[in-house]
Amino acid sequence: MNDPIQDGDTPAPAPAPAAEAITRSAALFIALAGVLLPLITLGIEWSTHMSGETFFDPIPNPWHGLLIFLVPLANGLLLRALLLERHSQYPRLALFNGLAVGIALFYAVLYLPLTPLSPILMAFYGIGFLPIAPLLAMISALRLRRLMLRAAPQGMPVRRLVAGVALALVAMLAIDLPLSLTRVGLYMAQSDSPATHLRGLRWLRVAGSEDALLRMTLARSGLSTDIVGMLLGVERHADPDQVARVYYEVTGKSVKDQALPVQRGMRAWRESFDSDVGGTIVGNIAPGLALASSRIDGSIDAEAATAYVEWTMAFRNTSNSNQEGRFQLALPPGAVVSRVTLWVGDEEREAAFGTRAAVRNAYTQVVQTRRDPLLVTTAGKDRVLVQLFPVQPGGKEMKIRIGMSVPLALSDMASARLPLPSVAEHNFTLAPSFKHALWLESHASMSTLPGLRQEQPKPGTYALRGDVSEADLAHGAISLSRPHPQQALWSHDSKAGDEAVIVQRFREQAAWVPQRVALVLDTSQPMDAFKNQIADALALFPAGVQLAVVGALDSGPAGPMPDSATAADAAQHIRALSFAGGRDNVAPLMAAWDWAGESERAAIVWIHGPQPLLLQSTDALEQRIERRFGKVRIFELEALAGPNRIGEKLERKADIERIATSAALRGDLQGLFAQWRPDGKQFVAVRERSATRPLDAIQTSEHVARLWAADQVAATRGERDPAKLMAASALAQRYQLVTALTGAVVLETQEQYKDAGLEPVPPGSVPSVPEPETWAMLALVSAILLWQWRARRARRAVRVC
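Residues numbered from 1 in each chain as written. Predicted model: local features only at pLDDT ≥ 70, side-chain atom pairs only at ≥ 80, totals over all residues. Heavy atoms only, no water.

## What to know about helix α1 (residues 24-48)
Part 1 of the argument: With 25 residues, α1 should reach 36 Å at 1.5 Å per residue; the first-to-last C-alpha distance of 34 Å fits that figure.
Part 2 of the argument: Along its length, α1 reaches its greatest deviation from straightness, about 35 degrees, at L36, and the proline P38 lies no more than four positions downstream.
Part 3 of the argument: Positioned one or two residues after α1, H49 has a phi angle of 50 degrees, which is positive. (Helix = DSSP H or I, 4+ residues; strand = E, 2+ residues; numbered from the N terminus. Expected span 1.5 Å × (residues − 1). Bend = angle between axes of the 7 residues up to and from the residue.)

## Points about the pattern of salt bridges
Part 1 of the argument: All told, the structure shown has 33 salt bridges when counted by the stated rule.
Part 2 of the argument: Between R205 and D554 there is a salt bridge whose closest N-O contact spans 2.5 Å. On the criterion of sequence distance, the pair formed by R205 in helix α8 (residues 194-207) and D554 in the loop between β20 (546-553) and β21 (556-558) is long-range, its members being 349 residues apart.
Part 3 of the argument: We classify R205 as partly exposed; its relative accessible area is 26%.
Part 4 of the argument: R339 serves as the salt-bridge partner of E348, at 3.9 Å between the closest nitrogen and oxygen.
Part 5 of the argument: Owing to a relative accessible area of 27%, E348 belongs among the partly exposed residues under this scheme.
Part 6 of the argument: What makes R339 buried here is its relative accessible area of 9%.
Part 7 of the argument: One connected set of salt bridges, linked through shared partners, spans E310, R339, E348, E350 and R401. (Salt bridge = Lys/Arg side-chain N within 4 Å of Asp/Glu carboxyl O. Buried < 20%, exposed > 50% of the residue type's maximum accessible area, 1.4 Å probe, protein only.)

## Overview of the packing of aromatic side chains
Part 1 of the argument: One pass over the full model with this rule turns up nine aromatic pairs.
Part 2 of the argument: Residues F106 and Y107 carry aromatic rings whose centres are separated by 5.1 Å and whose planes lie at 80 degrees to one another, so their mutual orientation is edge-to-face. Across the pair, exposure class does not vary: F106 and Y107 are buried alike.
Part 3 of the argument: Pairwise contacts between aromatic rings join W512, F541, F635, F673 and W676 into one cluster.
Part 4 of the argument: Positioned over the ring face of F506 is R482, at 4.5 Å from the centre of the ring.
Part 5 of the argument: We note R516 situated over the ring of W595; from NZ or CZ to the ring centre the distance is 4.5 Å. (Phe/Tyr/Trp six-rings, centres within 6.5 Å; stacked < 30°, edge-to-face > 60°. Lys NZ or Arg CZ within 6 Å of the ring centre and 35° of its normal.)

## Some remarks on a nonpolar patch on the surface
Part 1 of the argument: A cluster of nonpolar side chains, namely L39, W63, L66, F69, L73 and L77, defines an oily patch on the protein surface of about 530 Å² accessible area.
Part 2 of the argument: Mapping F69 onto the fold places it in helix α3 (residues 62-84).
Part 3 of the argument: Its relative accessible area of 35% is what places F69 among the partly exposed residues. (Patch = residues over 30% accessible without salt bridge, like charges linked within 9 Å, V, L, I, M, F, W, Y side chains within 5 Å. Areas by Shrake-Rupley, 256 points an atom, 1.4 Å probe, with all protein chains shown as cover.)

Rendered as structure tokens:
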């Protein structure tokens, strides 16, 4: 029997009703819907980007992933505190719970249009759980809050929920701020209005995120989730090619040269799929493809002012699929590719030379059957595009050789210069520390480059060898003296089928002096480092020649300057120019052509960096050049190595002379300006076909004949007569040259050549680099011939007397 309650006693508190305790079913729902499902969907989306590639991208960066992870974490912690009745943790977890509610609410609203379709989408790899996961997580968080309020001894203020939701909104805004600012700028930069486009570029340079812009170049169908972008209506998906164009205009860098973010997902194979196989552009870096080894061997004939250089490369593919190697070689000015080989197994195979269409068709057909072809075609002035396929997977290698006949540049009759070839653009990995093994031989002493040393293995023979970096190749040159400069040399013309010879004579003549010179400057950001050198070089600009400066600006060409401007005015103008982003060079070239073309003798000096994109069509520029071909000569100086899309378009249409550049652009420009002084001189090699061998000439290699044939083909630049073009193409094929009209292809079998209507050249008809002993013999023979020639002249002089 219980004791009766006495007067004045306080009744004992009644136990909490059963409704206030968390039930087993409620705990199970929250654990599954509020903790486990968000974690699973987060893991699936992080690893597959299923939603990001199809609907919305909920995790554009790791910070978003962290915020989403806070939702199941907050739900799990609060569920644990309720089950263990840890009331002291409720105040802290109340704010955490509000944060989870805010984050889950945002994503629930984002996926709201897809929520009704969730049952249908669940049939497709479980994708239907993605749209409803935020909604279930939010419901779980709200239910946890209600249970916490009931279980708390003194209740919980509502402001903690509001503060948590507000904190979630602030966190989302802060994380997405760089993306939001970039997206707003990108939206303006893609406008058809020039003024809006210009404002967008300026906005992105000041407030945009380069990393966010780079990520937007990745092909993905899902839209981003930044709040500001959604509110302003600029969250629409942008075409990756358009974004890549804006990226270049903003930064001055090409997307293909950047390290793209690692791609995950079921469709990540699309990012590694090479859509440019068999095409005419180099494209992006091929996964797993790298340059395994590289050697450059060359022989220089200083007396004939010619050289033959062979570049042998081996490519390795560590990916799981076949890859095509593609790259552009920048040749020395005036050089021509005269040999192409591919190793099939252990055998070196020679190329077949044919028209551009014939060799490309043969290459494309064989690529489709996944066999072993190699294709070489021109890609602008003094450039060739090399394509090889397949570089087989599993670390296997593919080896090729490109041989080129090169004319030396003469600064005077007693000295010559050999600019080195380099890789201008490539789709394979080239490590910054990679070195090319170089070996050059000559019977004249040579200058050296960093990493090279000169040796004299035998009397009268010099060798230059060592390892050279890609940067040193891009602007490197070998200088050598001509101890016995000959006025005339002759070469067998074995390709002509008669007794004719090719005679080469060196001539000193008055330099061509223009009346007007338009200096076109690429004012992209990478060129900013050269503006002072360009301005300083104008101190030697010849008096009496009209000068105009045309700069490439975002809003169009700046200039030309007034006709009365002096070289000092032009230098001051150049120093004041703004260099930013990547700018169009087509419009400045057109403006310069219009101004210079008013004179009878005019020149454009185009100083530029890489031109990886055509920001506008070259049709109008091509029209000016075609209709008045030769009216304006274009001198091109490439300050920084890289692709040149404008040069590729103008290859057959413009009279372009590429000036070899060194690390000192100032000196290169001053050398050009020095030729235009009234007393300026030029030293040129003139090659002509002759029926007889001149008595005053000595014999040299057949590279002189190959260079003569290349000159004849180049003379048809701008020609429209089909008969003359066909004759020039036939000449290039006969002399086995890669020109603007012809190319070279190596196929695997004779049947493939037959199907393509081509015939590989006989091995004995191709040039090669002589062995050191051969060079010593050639030097001895040349000395004997020189002695005999001088002796004959002496005897004739005695008879006359």
